Amino acid sequence: MIAAEIGYERAKTIEEALSLLSQDVDAKLLSGGHSLVPLMKLRLAQPSTLIDVSKIPELRTLDVESERITIGAGVRYFELLGDTRLEELMPVIAQATSVIADPQVRHRGTIGGAAVHADPTSDLAAVFLALEARFHIRSAAGRRIVPIEDWYLAPLTSALERDEMLVAVEFPRPIPRRQAYVKFSHPASGYALAGVAAIMDLTQHGLVQGAGIAVTGAATMPFRASTAEAWLQGRPLNAESVAMAAQVGADDGTYDADDGQYPAVYRKNLARVMLARALEKLAPQ
Amino acid sequence: MNDSKVTINLSVNGQDTTVRVPSRTLLSELLRDTLGLTGTHVGCDTSQCGVCTVWMDGLAVKSCTILAAQADQSAVVTVEGLARGITLHPVQRAFQAEHGLQCGFCTPGAMMLAAWYIQHHHETSETAIREALDGLICRCTGYENIVRSVQRALAFQQEDETPVAAGREEEVSS
Ligand SMILES: Cc1cc2nc3c(=O)[nH]c(=O)nc-3n(C[C@H](O)[C@H](O)[C@@H](O)COP(=O)(O)OP(=O)(O)OC[C@H]3O[C@@H](n4cnc5c(N)ncnc54)[C@H](O)[C@@H]3O)c2cc1C
Ligand code: FES
Ligand code: FES
């Protein structure tokens, strides 16, 4: 499998990348290349020019503060695994990242590439949704921030415009302490048939406070289980409430992806099972 | 609008190299076809099997999923670069001692992944090693001997770090 002929430019700064991008409508940014290169080999993507952004230092920053965590678009998966501050404040991202593919893929894939590629089975999609990520965008014309509810438009389509670049992903609020990511992998590809990210606090009386729950892989699009979040608010987390939340949470997805191998009814049931498993991990022992 | 060739400066197995290749050239193609380093094998060419694994700046990566241009200014190590002169790498000695291969097709990738593992992880449990080997598909061994080889490589590495290891090398490489 040989990709079509391409041009290649290595950008040293964000400005240089944006200027190159604005000059050529068929150009594409290249980060780790672990979605784009396979697509180019299959000729499902045929950019005229690749603008390599992987060596731009500003995209490789990791800013961890208690009120806000900002991760540069070019930060690679394995770099999300070793950071002690991140481990303390946002363990869910390491839990999700550690089950993405294998060591070699984690050495190359980036948080930004995953966000822009917008694969409906992306593990980080569940984390972005549950933690209300905000996407920091730049173009030659200016800057904007896209909230998570406006990010995923369709499978493999994010809100990013052709001439825009994702600079960083921000996780804005103080993140609840109880966090979990669980994944049921496709036995061959390893991608999520259902992955659930869940975060919440429990009050001193053990009542759920500020839950964020999201599902990737199972439905046509990654989705936030808003009904489950609302239903759990102020309730204790026990076997009954977990079962109920998992049920109504699975209902929040739209399951029209009937691929024959995994019918919609199976996928929805799997979403329910994995929702329950994620919530069980958050329950007091 | 763009020149479809690119000039790349990289070091391969410690040797500085400058090449000019079509921009679409994969790192695996650069190594095998341009530089003649055919130790790196290509199995699936679809990012699945890990047989094409090499090191780029110390990290195990799949060379069929990286453009050669992305390796500019990088240090690449292939299976040809594992041994120091005639002294085999602990992983090579271990694969020999534990017979960590059958047909040998996946072995270059298996050894590069294993060598990365023992450099960064010291966990000897089968679970941890199998987790790392997730990035390699071997159609022959059922992984049993590969896991044993990695465990043995960890032991060799530890022996090498202690001064009494001298006699060991000849024993297994003969
Ligand atoms: C073998 C294999 C197994 C995998 N398994 C999993 C898995 O289990 N779970 C999972 O979630 N994913 C999996 N993936 C997918 C992988 O996680 C990603 O899609 C990821 O690596 C993308 O990041 P990248 O940096 O490689 O992106 P690239 O391939 O470089 O880019 C992807 C897309 O994003 C665009 N882009 C990249 N950076 C920017 C930016 N800063 N601004 C604007 N656009 C940008 C590119 O133009 C391109 O369209 C797997 C991939 C492989 C090859
Ligand atoms: S040849 Fe590269 S992963 Fe199979
Ligand atoms: S030894 Fe034959 S594929 Fe691994």
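Residues numbered from 1 in each chain as written. Chains lettered and ligands numbered in written order. Predicted model: local features only at pLDDT ≥ 70, side-chain atom pairs only at ≥ 80, totals over all residues. Heavy atoms only, no water.

Enquirer: What is the right way to read the interface of chain B and chain A from this model?
Expert: Where interface size is given, it is often the accessible area lost as the parts come together that is meant. Taken together, the contact pairs 31 residues of chain B with 34 residues of chain A. The contact between chain B and chain A buries some 2600 Å² in all, and 55% of this surface belongs to carbon and sulfur atoms. Linking chain B with chain A are three salt bridges. Across the pair Asp72(B) and Arg10(A) runs a salt bridge whose closest N-O atoms are separated by 3.1 Å. (Contact = heavy atoms within 4.5 Å. Buried area = accessible area lost by both parts, 1.4 Å probe. Salt bridge = Lys/Arg side-chain N within 4 Å of Asp/Glu carboxyl O.)

Enquirer: Teacher, can you tell me more about the site of ligand 1 here?
Expert: Taken together, 29 residues sit near ligand 1, with Leu29(A), His34(A), Ser35(A), Tyr77(A) and Thr110(A) positioned nearest. Neighbouring residues of ligand 1 are not confined to a single chain but are spread across chains A and B. Residue Ser31(A) places a main-chain N or O atom 2.8 Å away from an oxygen atom belonging to ligand 1. In the model, a nitrogen atom of ligand 1 is placed 3.0 Å from a nitrogen or oxygen of the Tyr191(A) side chain. When isolated, ligand 1 has an accessible area of 980 Å², and the protein chains bury 95% of it. When contributions to the shell around ligand 1 are tallied by element, the ones reaching two or more residues are strand 2 (28-30), helix 6 (111-117) and strand 10 (164-171) of chain A. In terms of residue count, helix 6 of chain A provides more of the shell around ligand 1 than any other element does, four residues in total. For the shell around ligand 1, the class distribution of residues is 14 nonpolar, twelve polar and three charged. (Near = heavy atom within 4 Å. Polar contact = N/O pair within 3.5 Å; in protein donor to acceptor, adjacent residues only side chain to side chain. Areas by Shrake-Rupley, 256 points an atom, 1.4 Å probe, with all protein chains shown as cover. Helix = DSSP H or I, 4+ residues; strand = E, 2+ residues; numbered from the N terminus. Nonpolar A, V, L, I, M, F, W, Y, C, P; charged D, E, K, R; others polar.)

Enquirer: I keep staring at the pairing of strand 12 (residues 192-202) of chain A and nothing clicks. Help me out?
Expert: Successive residues of a regular strand alternate their side chains across the two faces of the sheet. All names here are of chain A. Burial of strand 12 is extensive: ten of the eleven residues sit out of reach of the surface. Note that strand 11 (residues 178-185) and strand 12 share eight bridges and pair antiparallel. Bridge pairing in strand 12 links Ala 180 to Ala 198. Linking strand 11 to strand 12, which pair antiparallel, is a turn of six residues; within it Gly 190 sits at a positive phi near 80°. (Buried < 20%, exposed > 50% of the residue type's maximum accessible area, 1.4 Å probe, protein only. Pairing = 2+ DSSP bridges.)

Enquirer: Is there a simple way to explain the domain arrangement of chain B in this structure?
Expert: All names here are of chain B. Considered domain by domain, chain B is made up of domain 1 (5-77) and domain 2 (90-172). Between the C-alpha centres of domain 1 and domain 2 there is a distance of 23 Å. The contact between domain 1 and domain 2 buries some 1100 Å² in all, and 66% of this surface belongs to carbon and sulfur atoms. Applying the counting criterion to the domain 1 and domain 2 interface returns zero salt bridges. At the surface where domain 1 touches domain 2, the tally comes to four residue pairs in polar contact (both at pLDDT 80 or more). Residue assignment for the side of domain 1 that touches domain 2 shows that the elements contributing at least two residues are strand 3 (53-56) and strand 4 (59-62). Looking at the side of domain 1 that touches domain 2 residue by residue, the classes come out as eight nonpolar, seven polar and one charged. (Domains from an automatic or database assignment.)

Enquirer: Honestly, the pattern of salt bridges in this entry has me stumped. Any pointers?
Expert: Note on pairing: side chains with opposite charge can pair once their charged atoms come close. If you walk through the whole model with that rule in mind, you get 18 salt bridges over all chains. Among the salt bridges present, the one from Arg224(A) reaches Glu132(A), with a minimum N-O distance of 2.9 Å. Here Glu132(A) lies in the loop between helix 7 (123-130) and strand 6 (134-139) and Arg224(A) lies in strand 14 (residues 223-224), a separation of 92 residues in the sequence. We classify Arg224(A) as partly exposed; its relative accessible area is 22%. The partner of Glu126(B) in a salt bridge is Arg130(B), and the shortest N-O contact between them spans 2.8 Å.

Enquirer: Looking at this model, I keep getting lost on the environment of Val99(A). Mind explaining?
Expert: All names here are of chain A. Tracing the backbone through its elements, the reader meets Val 99 in the loop between helix 4 (91-97) and helix 5 (103-108). Along the sequence, Val 99 and Lys 28 sit 71 residues apart, while their C-alpha atoms lie 28 Å from each other. Those residues within four positions of Val 99 in sequence are excluded, and the remaining contacts are Asp 123, Tyr 181 and Lys 183.

Enquirer: How should I be thinking about the environment of Ala230(A) in this particular structure?
Expert: Secondary-structure assignment places Ala230(A) in helix 8 (residues 226-232). Sequence spacing of Ala230(A) and Gly210(A) is 20 residues, and the spatial spacing of their C-alpha atoms is 8.7 Å.

Enquirer: Would you take a moment to explain helix 9 (residues 239-251) of chain A for this structure?
Expert: What sets the pattern is the α-helix's 3.6 residues per turn: residues three or four places apart point alike. Residues and elements named next belong to chain A. Counted at 1.5 Å a residue, the expected span for helix 9 with its 13 residues is 18 Å, and the 19 Å between its end C-alpha atoms agrees. Where helix 9 is concerned, the buried positions are Ser 241, Val 242, Ala 245, Ala 246, Val 248, Gly 249 and Ala 250. Along its buried surface, helix 9 packs onto strand 14, helix 8 and helix 10 (264-282). (Expected span 1.5 Å × (residues − 1).)

Enquirer: Quick question: what am I supposed to make of the sheet that holds strand 7 (residues 142-147) of chain A here?
Expert: Where strands meet in a sheet, backbone hydrogen bonds hold them as pairs that are either parallel or antiparallel. Residue and element names in this part refer to chain A. Read from one edge of the open sheet, five strands run 4-5-10-6-7, paired in antiparallel fashion. The sheet terminates laterally at strand 4 (62-64) and strand 7, the two strands that pair on one side only. Here the average twist between neighbouring strands, direction ignored, is 20°. Across four bridges, strand 5 (residues 69-72) lies against strand 10 in antiparallel orientation. Looking at strand 10, one finds that Gly 72 is bridged to Ala 168. Sheet strands in contact with helix 1 (residues 14-23) are strand 6 and strand 10, and its direction is about 135° off that of strand 10. (Axes fitted to C-alpha atoms, helices over the stretch in contact; angles between N-to-C directions.)

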